[in-house]
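A closer look at the structure
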4 protein chains.
Amino acid sequence: MPSIPVPNSTDFNKRSAMSSASPLFHGVVPPVVTPLTASLEVDYPSFARVIEHLIAGGVHALFVLGSTSEVVFHDEATRRKVLEFAIDRVNGRVPVLAGVVDPTTDRVIAHARTAQSVGASAVVATAPFYARTSAPEVIDHFRTLREAIDVPVVAYDIPVCVHFKLDRHTVVTLAREGSIVGLKDSSGDDGNFRYALMDLADRPEIMMMTGSEIVCDNALLMGAHGIVPGLANVDPAGYVRLYDLCRKGDWTGARREQERLCRLFEMVWVAAPRVSAGSAGVGAFKTAMRRLGIIETNEMARPQRALNDAEAAAIETILRQTGLLA
Amino acid sequence: MPSIPVPNSTDFNKRSAMSSASPLFHGVVPPVVTPLTASLEVDYPSFARVIEHLIAGGVHALFVLGSTSEVVFHDEATRRKVLEFAIDRVNGRVPVLAGVVDPTTDRVIAHARTAQSVGASAVVATAPFYARTSAPEVIDHFRTLREAIDVPVVAYDIPVCVHFKLDRHTVVTLAREGSIVGLKDSSGDDGNFRYALMDLADRPEIMMMTGSEIVCDNALLMGAHGIVPGLANVDPAGYVRLYDLCRKGDWTGARREQERLCRLFEMVWVAAPRVSAGSAGVGAFKTAMRRLGIIETNEMARPQRALNDAEAAAIETILRQTGLLA
Amino acid sequence: MPSIPVPNSTDFNKRSAMSSASPLFHGVVPPVVTPLTASLEVDYPSFARVIEHLIAGGVHALFVLGSTSEVVFHDEATRRKVLEFAIDRVNGRVPVLAGVVDPTTDRVIAHARTAQSVGASAVVATAPFYARTSAPEVIDHFRTLREAIDVPVVAYDIPVCVHFKLDRHTVVTLAREGSIVGLKDSSGDDGNFRYALMDLADRPEIMMMTGSEIVCDNALLMGAHGIVPGLANVDPAGYVRLYDLCRKGDWTGARREQERLCRLFEMVWVAAPRVSAGSAGVGAFKTAMRRLGIIETNEMARPQRALNDAEAAAIETILRQTGLLA
Amino acid sequence: MPSIPVPNSTDFNKRSAMSSASPLFHGVVPPVVTPLTASLEVDYPSFARVIEHLIAGGVHALFVLGSTSEVVFHDEATRRKVLEFAIDRVNGRVPVLAGVVDPTTDRVIAHARTAQSVGASAVVATAPFYARTSAPEVIDHFRTLREAIDVPVVAYDIPVCVHFKLDRHTVVTLAREGSIVGLKDSSGDDGNFRYALMDLADRPEIMMMTGSEIVCDNALLMGAHGIVPGLANVDPAGYVRLYDLCRKGDWTGARREQERLCRLFEMVWVAAPRVSAGSAGVGAFKTAMRRLGIIETNEMARPQRALNDAEAAAIETILRQTGLLA
């Protein structure tokens, strides 16, 4: 899978019709952190450094405007600007996937049209939220989205935020009919993910990705094509090493690297329960990235709380223990 | 409590400073259904009829852009137009509360500023959603909202949508410090609601409302000031009767009326599980209102599903059994 | 309901047989605390005092071996002895209902046969637990139990322990066919309880009881026949007053008494989160009863933790504030 | 860990005593199905055949009286007899672990004493259930159990039944202090399991086992010592092959065998939702074992429901597709 196509909105459907046997994307696809200034504006110079840090680490694509990007905290204008900036900065070096996360179908379509218009390689959409839905309505949601736009759709399974699980049958139905080109599974339900992988084994162009930071080796052993770990913002090279070890079949080496990354991931519990799980997780990534000189602040969008100095010190210790600081 | 003040944004804080001992609102405050055309646009002629139907039924205020209004399905422009239309149409006859429901603080503030600018009497806000938050962050959320605007804030507790419960201590803290002027409790946790009522017994200006359709008599017996039943879209006069019976202390009569309304409420299970609980509930109200000649269609915003003819027939039977159709 | 046998242990049941339109039991039915010695044996002298305290308070029946009795901590021999002791001590003054709480049907039947053999007026059974079941299997569970014994069965809905909700349709089906003679609803789902009451309005002999301590007035307003508050171990006379006020239709007076009892009930949060909700609740009742001189210790069955001195002092303050200590 | 006694029933345990750096048990440890007669008694001739089938398949130990054994459906006398029969029949060929599953500490101790007295190699205990507990109380539960008996204790994490999760910190605390010698993780939370494995990497004598049927390769890749799949009742040789492939580091071969077993495992959904998840799962195993000539009936303990003929036919198809029937 040497050449990753960067689709543009016009030729996607043509390629799709040719039925390529490779997934649209693969490899390490970090959900990119959105750094903020002290006044809670997007800090674009820092954002540029994040992008360079990730590409220098060897990642295969970027996922902008995901949960780790604090997407639901940003209004439409900010989302467009963040996405435009990222696509411009990346300048074709890797594909850029765009999260289009909002509660309901038509609002998701509006975000997706923006993403398409600024050149995103794919959009990543969750099931509806706040609204209570059902499996058939969720299927309609993805179908309606797909029909409204001309850019590939990746389904994003994140029940901890959406409170709805994209089960195997929903995923397989949507994939086989062409409504989605892949899945980002952040559910932690490895059994369901495995069955979806097995059910789609004859459709290798469907990209199956895990959102886990801590069982990436398992997911790749089961046949996943990619990994989307928020922690890759801190250590992209580590996840690229992990991915490469798995691709080579060096599962023992992969486990060793994965375990180091698990130790690094413990940063997400440093600030809990003082702050929410959301603040503690992304806040830890931002705090680590500040310490590594990549971004300026560890500010979080309101009403989330930033990590404090004691928590930052604990994270610095973790960075040293896992080899990211001397 | 004969004269309900209709605050405007400039004199609210003055009144508040005078420390009135009455709640800002009281009585029956329906969360107003948003009718749609066959092409899924807002059907304003039908919307006007809904408003007249509710005011003719004797309701004491209107809650526009709540969950029953399918608020999260509407974009900012639509929300503004719906709210402007309602306020214009109501023309001061009753207060108009505006839902400002979106995932995070700054986005809620944006909706609230719009609501303030078009003359809403109060805004109604939930805890953040999609984002995972904690009690201290939820308190910050309401404080930040309150400081950003110049119109009273009502807290909206709806864990079935938001997946966070506004517990007694959060509500009492926010009420006592002036961050909120009231609560709409759609949680079904009557014990928590009772304790909040007891804790705030010395602050009768804090408006405590239940979102239940089926235990309104209980809530009023416990001391609630108002009720916000979605079903009041179908039978506003019934809920006004229920409210008046409770106010008079005729609890036996109130129970009888409440039980009739409970039978009417059974319409929300007609379409389940063919459609989701969200579609089945608001969809039933719309279907009943169509049959009663108030609105044109029973269409639901995407990806929700409208009720079908068989379900509409079952709802018609319920309307007859409960005295709303001859 | 021809096939339901009339239990023969007390005069009460003969009365019941003569009046098929009354529920088998009614009024205040405390779930009786099981006091323990310092070595964690049942403290029978204290237990005798509890029984006298409750009867002196005017309660209408006793529910022995419920959750508040720490039933699942006791083995079969202890359960039998506790029940025999209670029935002997009560000596027909009020009916004695026996909890028969264990995970599965045949084990529940074994407890129920013991209860029947020692003269319990009825048995109180939950849905299966640990085992994962479904609504049809739960219905079979109660039917099989009913067929195996010759004493009335009360269904006990306590999803916080059993993790299964006895919904309206299950309760109504079982009641109409004669498998159960009543319901103890400890679910907190007042809407479901109201619908079950309404559905069974033509069957007044079906006894509908709430397990709530804090919305008893609501339950009685909705038509419940009885209340089963664990807190009645501490203040039986208070709950009898509340019940009598409701029966007289003095809902304002009832609310006042209910609110005092709500303040008393706040004892259950004194020890949380140091200990579990289970330990904090029953532990608070035991601690209060020790302070009132009814029982000797506040020990809890293993692995629960007893309340400490600081917590006991806080509970003493609550007893003073609510008029139970001078 | 000086105070942990070495069980004396088998040569295996002597080996274990000689090598303190090995886990007490390892490999494939099926939770043994308990076959029933048409009159719902334990069918001992069938049970004997199950045991021989498992040992012939090459399994490394047996886990009797687990959830798959329908343990909570059996009374104390039955449990003792089942365990005695198994130990007698096995006759030292492999270790026999005994489930001691009941709601509370002292009742678990009673079962554990029986298990010890009849020669079980270890007991397997869950957190308390029905009773609401907390992490410190759960730790006390295991400590109290450990102190009361003279046989090793394995912690059994099965939140779907117990509704309490044994998190990493609880497991590690109990293991390091010698209260438990291992863990059976049936939680599906692979991340938590991985961290417990990492935290105990310096204590290889602590036996870490997964209860999964479908991600055994993942668990073994992460360092687990054993697997406890209910499906091994149907295909013990398949799981032994899977285990051996993992031990050899043939992860590609392991994945292939695991995927075949995943296809076989799909039998557990054949009867859902007609029957509960519990009935559908163990019921499917029994139905498959009946078809394979190992047991006489597919009866389930009450109130569970046995699979019907159509479901049995569907399972037969699965057996053919996965190579277990010609």
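Preceding this section is the structure that the text describes.
Report on the accompanying structure. Positions within a chain are numbered from 1, following the residues in the order the chain's sequence is written. Written order decides the labels, with chains lettered from A and ligands numbered from 1. Totals for whole chains, interfaces and linings use all residues, but because this is a predicted model, local features are given only for residues with pLDDT of at least 70 and pairs of side-chain atoms are given and counted only at 80 or more. With hydrogens and water set aside, each side-chain value is computed from the structure's full complement of heavy atoms.

On to the nonpolar core, then. Within the largest apolar cluster, 488 residues are counted, with the highest numbers of intra-cluster contacts made by A:Met267, B:Leu83, B:Met267, C:Val64, C:Met267 and D:Met267. Residue contacts are defined here by distance: any two heavy atoms, one from each residue, within 4.5 Å place the two residues in contact. Setting aside residues up to four positions removed in sequence, B:Met267 forms contacts with B:Leu231, B:Val234, B:Ala280, B:Ala284, B:Phe285, B:Ala288, B:Ile315, B:Ile318 and B:Leu319. Side-chain atoms within 4.5 Å are what join buried Ala, Val, Leu, Ile, Met, Phe, Trp, Tyr and Cys residues into a set we call a nonpolar core. Buried, partly exposed and exposed residues are distinguished by accessible area as a fraction of the type maximum, computed with a 1.4 Å probe on protein chains only: under 20%, between the cut-offs, and over 50%, respectively.

Nothing in chain A touches chain C; the tightest C-alpha to C-alpha distance between them is still 14 Å. Taking C-alpha atoms as the reference, chain B and chain D come no closer than 14 Å and do not contact one another.

Attention now goes to the interface of chain C and chain B. Opposite the 24 residues of chain C that make contact, chain B presents 24 residues. As used here, buried area is the combined drop in accessible area, with a 1.4 Å probe, of two parts when they are placed together. Together, the buried faces of chain C and chain B total about 2200 Å²; carbon and sulfur atoms form 52% of this surface. Interface area lost by chain C to chain B is led by C:Arg194, C:Tyr195 and C:Leu221, which between them contribute 28%. One side-chain nitrogen of Lys or Arg within 4 Å of one carboxyl oxygen of Asp or Glu is enough to make a salt bridge. At the junction of chain C and chain B, the tally comes to six salt bridges. Under the scheme used here, helices are H or I runs from DSSP no shorter than 4 residues and strands are E runs no shorter than 2 residues, and both carry numbers assigned from the N terminus. Only α8 (190–199), α9 (216–221) and α11 (251–265) of chain C provide two or more residues apiece to the side of chain C that touches chain B. Among the elements that make up the side of chain C that touches chain B, the one with the highest residue count is α11(C) (seven residues).

This part takes up the relation of the copies chain C and chain B. When the copies are superposed, the least-squares fit takes in the C-alpha atoms of residues with a pLDDT of at least 70 in both. Least-squares fitting of chain C to chain B yields an RMSD of 0.0 Å, with the transformation described by 0.0 Å of translation along the axis and a rotation of 180 degrees. Such a combination of rotation and displacement between the chain copies is what one expects of a two-fold axis. Of every C-alpha in chain C, the one belonging to C:Asn218 sits nearest the axis of rotation, 2.7 Å from it. Here 100% of the interface residues in chain C have copies in chain B that are interface residues too; the copies meet face to matching face.

As a further point, take the relation of the copies chain B and chain A. Taken together, a rotation about one axis and a shift along it account for how the two chain copies relate. Overlaying chain B with chain A gives an RMSD of 0.0 Å, the required rotation being 180 degrees about an axis along which the chain moves by 0.0 Å. Looking at chain B, 100% of its interface residues are interface residues in chain A too, so the copies touch through the same face.

In this structure, D:Pro273 follows D:Ala272 across a cis peptide bond, with omega equal to 0 degrees. Tracing the backbone through its elements, the reader meets D:Pro273 in the loop between α11 (251–265) and α12 (277–291). A cis amide bond links D:Arg302 to the next residue, D:Pro303, at an omega of 5 degrees. Of note, D:Pro303 is situated in the loop between α12 and α13 (309–321). Although it is not a glycine, B:Glu70 sits at a positive phi angle of roughly 60 degrees. B:Glu70 sits in the buried class, given a relative accessible area of 2%. Although it is not a glycine, C:Leu40 adopts a positive phi angle of roughly 70 degrees. Looking at where C:Leu40 falls in the secondary structure, it is placed in the loop between β1 (27–28) and α2 (44–56).

A word on the interface of chain B and chain A. Taken together, the contacts link 42 residues of chain B with 42 residues of chain A. Between chain B and chain A the total buried area reaches about 3600 Å² when both faces are included, carbon and sulfur atoms providing 56% of it. Where chain B touches chain A, the interface holds six salt bridges. A salt bridge links A:Asp106 to B:Arg302; its shortest N-O distance comes to 2.5 Å. We define a polar contact as two N or O atoms separated by no more than 3.5 Å, with the added condition that, inside protein, one atom must be a possible hydrogen donor and the other a possible acceptor, whereas residues neighbouring each other in sequence contribute only through side-chain atom pairs. In this assembly, chain B and chain A are joined by 22 residue pairs in polar contact (both at pLDDT 80 or more).

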